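# An overview of the molecular structure
Below, each chain spelled out in residue letters.
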There are 2 protein chains.
Amino acid sequence: MNWQNGFIAVDWGTTNRRAWAVDPGGQTRDLLEDGMGVLKVAPGGYTAEIDKLRALWPGRPMMLAGMVGSNRGWIEANYVPAPAGLDALIGALRRPAPDVVIVPGVSWREGSNADVMRGEEVQLLGAVAAGSAPPDGPVCHPGTHAKWVRMQGGAIGPFRTVMTGELFSMLSRHGILQDRLSGEVAANDSFRAGARHGLERDDLTAELFSIRARYLLGVGEADDASYASGLLIGTDVRIGLAFGGDGPVTLIGRSDLTALYAAALELAGRTSTELDGERAFLLGARAIAERLS
Amino acid sequence: MNWQNGFIAVDWGTTNRRAWAVDPGGQTRDLLEDGMGVLKVAPGGYTAEIDKLRALWPGRPMMLAGMVGSNRGWIEANYVPAPAGLDALIGALRRPAPDVVIVPGVSWREGSNADVMRGEEVQLLGAVAAGSAPPDGPVCHPGTHAKWVRMQGGAIGPFRTVMTGELFSMLSRHGILQDRLSGEVAANDSFRAGARHGLERDDLTAELFSIRARYLLGVGEADDASYASGLLIGTDVRIGLAFGGDGPVTLIGRSDLTALYAAALELAGRTSTELDGERAFLLGARAIAERLS
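Read on for an overview of the structure. (Residues numbered from 1 in each chain as written. Chains lettered and ligands numbered in written order. Predicted model: local features only at pLDDT ≥ 70, side-chain atom pairs only at ≥ 80, totals over all residues. Heavy atoms only, no water.)

## Considering the overall build of chain A
Defined as follows: The secondary structure listing takes helices from DSSP runs of H or I that are at least 4 residues long and strands from runs of E that are at least 2 residues long, numbered from the N terminus. Throughout, exposure labels follow a simple rule: accessible area from a 1.4 Å probe, protein chains only, divided by the maximum for the residue type, with under 20% read as buried, over 50% as exposed, and the rest as partly exposed. Two residues qualify as a contact provided that any one of their heavy atoms is within 4.5 Å of a heavy atom in the partner residue. All accessibility values rest on the Shrake-Rupley procedure with a 1.4 Å probe; residue burial counts only the protein chains present in the view. Charged residues are defined narrowly, with Lys and Arg counted positive, Asp and Glu counted negative, and His plus the chain ends left uncounted. A single reference atom marks each charge: NZ on Lys, CZ on Arg, CG on Asp, CD on Glu.
When its secondary structure is counted, chain A shows nine helices and 14 strands. Seen through its principal axes, chain A has C-alpha atoms that stretch 65 × 40 × 35 Å. Looking at chain A residue by residue over its 293 residues, the buried ones come to 57%. Sequence separation of at least 24 residues holds for 64% of the intrachain contacts in chain A that already meet a minimum separation of 6. Per element, the accessible surface of chain A, about 11300 Å² overall, is 47% carbon and sulfur. Taking the average location of the 28 positive side-chain charges in chain A and that of its 34 negative ones, the two points are 4 Å from each other.

Below, the structure is given as structure tokens:
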């Protein structure tokens, strides 16, 4: 494999897949974005999928990251224990087919604490390698399963996952709050009121019901979806700051989510910088490719 | 209406309905239990349903409690503001048809705090009226929406609802934990480990993901369903004790649930007594009927 003539980078998740061409100068262009996440690929179907991807830019090696390397994906790339830097990831790459590598996830254990990530590690280490995140300090990656990471000497150190996105999604689709949470979320006054509650108080599972009660009593927030999102994100930030350490927080992810976390961090008196997750992923893929011969 | 010759008591919820005959001596017998909750009764269908119930024990008045008095039920019985004792409930009874009363729910407001209950008020005040719960002190009613109530002078004082049951139900049916939470919950070592975490730490939304991470890393609990239940109930009890005040806690509800809460309270160093919710409901219905002429 010669990675210096350009390569294909694939972020292959549970429900979606996205591929880019990364040319030798580091320029990137979109190759594909579709719904062929790992849950859609039949057992034995990966060879054909790889052929399809390869046809989009023939003759280049391919780097896959995300759930494709999980036990529900193509082939399991075992978690690399934290602290884990680029060299640790590269040392544990899986090679399921010629000219194809799968990037492993990262795990963390300390006493009864245990955590895993898969996909975010490329973004985190890419951001640090490119100087877009400091080598030491807290990084937050919002999402379905938000990650709070203490970067240590350029490596991924201890980290903690908060199920914020998944819980909001569940609450807005099932159960007693669903009718109140169907709207778009924005960093408005209702969001800030919820975030303040989540930052200052530790009664999330009670305050969620209060949304319903206030509505029934006619004293509800103007925007309950944003209040609930703020409450969950404020709780998330409270947990994350207690875990993640001092200093400015680097937020990496979808810009709509990093903006909400930045608003909650501001209420907590903390500064943050935002970095687009797609950009960080490609920085990480390049940083790995540069170290491959 | 003459309530002293016996009456029909109906606990009419969202999805289920249950009716008892309460004879003049206070003896009760089951009349009906079915799935005709308020979501199943068509608009305009209550008159026919009442006729059916009345045919089970003709010539007796009927007392309805629960969601039948909500805006999704037959006719709305507005919430009585706490503090609310039996007299306040009786003063706000609705009479949607001859010889039929609907018991109102109770609301609480203080600053930005707001809460509502509907159905539990009969159980709480019944327990106190019969001497099965003290007139002052904390009462907890576990369930889909667990209630922590500060009883004050025999009346329902400030209260706070925790969405413990609903969240456990969602997590066991949707999302990343559902495969791990399908088993029966018991007050075993896994439950106690989860409850201890919930009592001592305030990071529920992160610890839930740890269940998944520990499983993936092969260091999971023996019984993740009980651990998750313990985590949610421990969190609930932490919130409830901070709200509910000092002294022994009276637990009113389904015996499988009160047993789990009693186990968590024991870990918190608190004593509790358990009272069956159905028994409490009938005590409350009798206490109301005794005050009606």
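From this point, things continue past the structure.
## A look at the interface of chain B and chain A
Inclusion rule: The buried area of a pairing is the accessible area, by a 1.4 Å probe, that goes missing from both parts when the two are put together, added over both. When a carboxyl oxygen of Asp or Glu is within 4 Å of a side-chain nitrogen of Lys or Arg, the pair counts as a salt bridge. By the criterion applied in these results, polar contacts are pairs of N or O atoms within 3.5 Å in which, for protein atoms, one can donate a hydrogen and the other can accept it, and in which residues neighboring in sequence qualify only through two side-chain atoms. Think of it as three bins: nonpolar holds Ala, Val, Leu, Ile, Met, Phe, Trp, Tyr, Cys and Pro, charged holds Asp, Glu, Lys and Arg, and polar takes everything else, Gly as well.
Contacts between the two partners involve 46 residues from chain B and, on the opposite side, 46 residues from chain A. Of the roughly 3900 Å² buried at the junction of chain B and chain A (both faces included), carbon and sulfur atoms supply 62%. Ranking the residues of chain B by area buried against chain A places Thr 205, Phe 209 and Leu 217 of chain B at the top, with a combined share of 17%. Our enumeration of links across chain B and chain A arrives at seven salt bridges. Notably, a salt bridge pairs Arg 72 of chain A with Asp 179 of chain B, separated by 4.0 Å at the nearest N-O pair. Taken together, chain B and chain A are joined by 15 residue pairs in polar contact (both at pLDDT 80 or more). Listing elements by their share of the side of chain B that touches chain A, those giving two or more residues are strand S8 (106–110), strand S9 (113–117), strand S12 (155–162), helix H4 (164–173), helix H6 (204–216) and helix H7 (224–244) of chain B. The residue inventory of the side of chain B that touches chain A, partitioned by class, reads 20 nonpolar, twelve polar and 14 charged.

## Concerning the sheet that holds strand S10 (residues 137–141) of chain A
Counted only if it meets this: For two strands to be treated as a pair, DSSP must find no fewer than two bridges joining them. In this description, a line fitted to the C-alpha atoms serves as the axis of each element, helices being fitted only across the stretch in contact, and the angle between N-to-C directions of two axes falls anywhere from 0 to 180 degrees.
As summarised here, the arrangement of the five strands in space is S12-S11-S10-S13-S14 (chain A), forming an open sheet in which the pairing is mixed. Strand pairing shows two members of the sheet lacking a second neighbour, strand S12 (155–162) and strand S14 (272–276) of chain A, which therefore form its edges. Between one strand axis and the next, the sheet turns through 25 degrees on average, direction left out of account. Across the sheet, helix H7 (residues 224–244) of chain A is in contact with S10, strand S11 (146–152), S12 and strand S13 (249–253) of chain A; its angle to S11 of chain A comes to roughly 20 degrees. H6 of chain B contacts S11 and S12 of chain A of the sheet and is inclined by roughly 105 degrees relative to S12 of chain A.

## Some thoughts on helix H9 (residues 277–290) of chain B
All names here are of chain B. Rules: Under the convention used throughout, the expected extent of a helix is 1.5 Å for every residue step, that is, one less than its residue count.
Compared with the 20 Å implied by 1.5 Å per residue over 14 residues, the 20 Å span of H9 between its first and last C-alpha is a close match. Counting buried positions over the 14 residues of H9 gives ten, a clear majority of the element. Buried within H9 we find Gly 277, Ala 280, Phe 281, Leu 282, Leu 283, Gly 284, Ala 285, Ala 287, Ile 288 and Ala 289. With a side-chain oxygen positioned 3.2 Å from the backbone nitrogen of Glu 278, the residue opening H9 is Asp 276.

## Digging into the pattern of salt bridges
Applying the stated rule across the entire model yields 29 salt bridges over all chains. Among the salt bridges present, the one from Arg 160 of chain A reaches Asp 203 of chain B, with a minimum N-O distance of 2.7 Å. With one member in each of two chains, Arg 160 of chain A in strand S12 and Asp 203 of chain B in the loop between helix H5 (189–200) and H6 form a pair that bridges those chains. With respect to burial, Arg 160 of chain A and Asp 203 of chain B carry one shared label: buried. Where Arg 201 of chain A meets Asp 203 of chain A, a salt bridge forms, and the shortest distance between an N and an O atom there is 3.3 Å. Look at the salt bridges and you will find they share partners, linking Arg 160 of chain A together with Arg 201, Asp 203, Glu 207 and Arg 214 of chain B into a network.

## Some points on the relation of the copies chain B and chain A
The condition that has to hold: The least-squares superposition of copies is restricted to C-alpha atoms, and to residues with a pLDDT of at least 70 in both copies.
Least-squares fitting of chain B to chain A yields an RMSD of 0.0 Å, with the transformation described by 0.0 Å of translation along the axis and a rotation of 180 degrees. The transformation relating the two chain copies, once decomposed into turn and shift, fits a two-fold axis. When C-alpha distances to the rotation axis are compared across chain B, the minimum falls at Asp 202 of chain B, with a value of 3.1 Å.

## A word on the packing of aromatic side chains
Each aromatic ring pair is characterised by the separation of its centres together with the angle its planes make. As a reminder, the rule being used: Aromatic contacts are taken between Phe, Tyr and Trp rings whose centres are within 6.5 Å, Trp giving its six-membered ring; a plane angle under 30 degrees counts as stacked, one over 60 as edge-to-face, and the others as tilted. Counted as over-ring charges are cases with an Arg CZ or a Lys NZ within 6 Å of the ring centre that also lie within 35 degrees of the ring normal.
Counting across every chain of the model gives ten aromatic pairs over all chains. For the pair Trp 108 of chain A and Phe 243 of chain A, a centre-to-centre distance of 5.5 Å together with 70 degrees between the ring planes defines the contact as edge-to-face. Here Trp 108 of chain A is found in strand S8 (residues 106–110), whereas its partner Phe 243 of chain A is found in helix H7, with 135 residues between them in sequence. Given a relative accessible area of 6%, Trp 108 of chain A falls into the buried group. Where Trp 20 of chain B meets Phe 281 of chain B, the ring centres are 5.5 Å apart and the plane angle is 40 degrees; that geometry is what we call tilted. Residue Trp 20 of chain B is located in strand S2 (residues 17–22), and its partner Phe 281 of chain B is located in helix H9; the two are separated by 261 residues in the primary sequence. A single burial state applies to Trp 20 of chain B and to Phe 281 of chain B, both of which are buried. An aromatic cluster of three or more residues is present, and its members are Trp 12, Tyr 46 and Trp 74 of chain A. Stacked on the ring of Tyr 79 of chain A, the Lys or Arg Arg 118 of chain A has its end atom at 4.4 Å from the ring centre.

## A few points about the side chain of Thr 235 of chain B
Its place among the elements puts Thr 235 of chain B in helix H7. Beyond its immediate chain neighbours, meaning those up to four positions away, Thr 235 of chain B contacts Thr 205 of chain A together with Gly 198, Leu 199 and Leu 204 of chain B.

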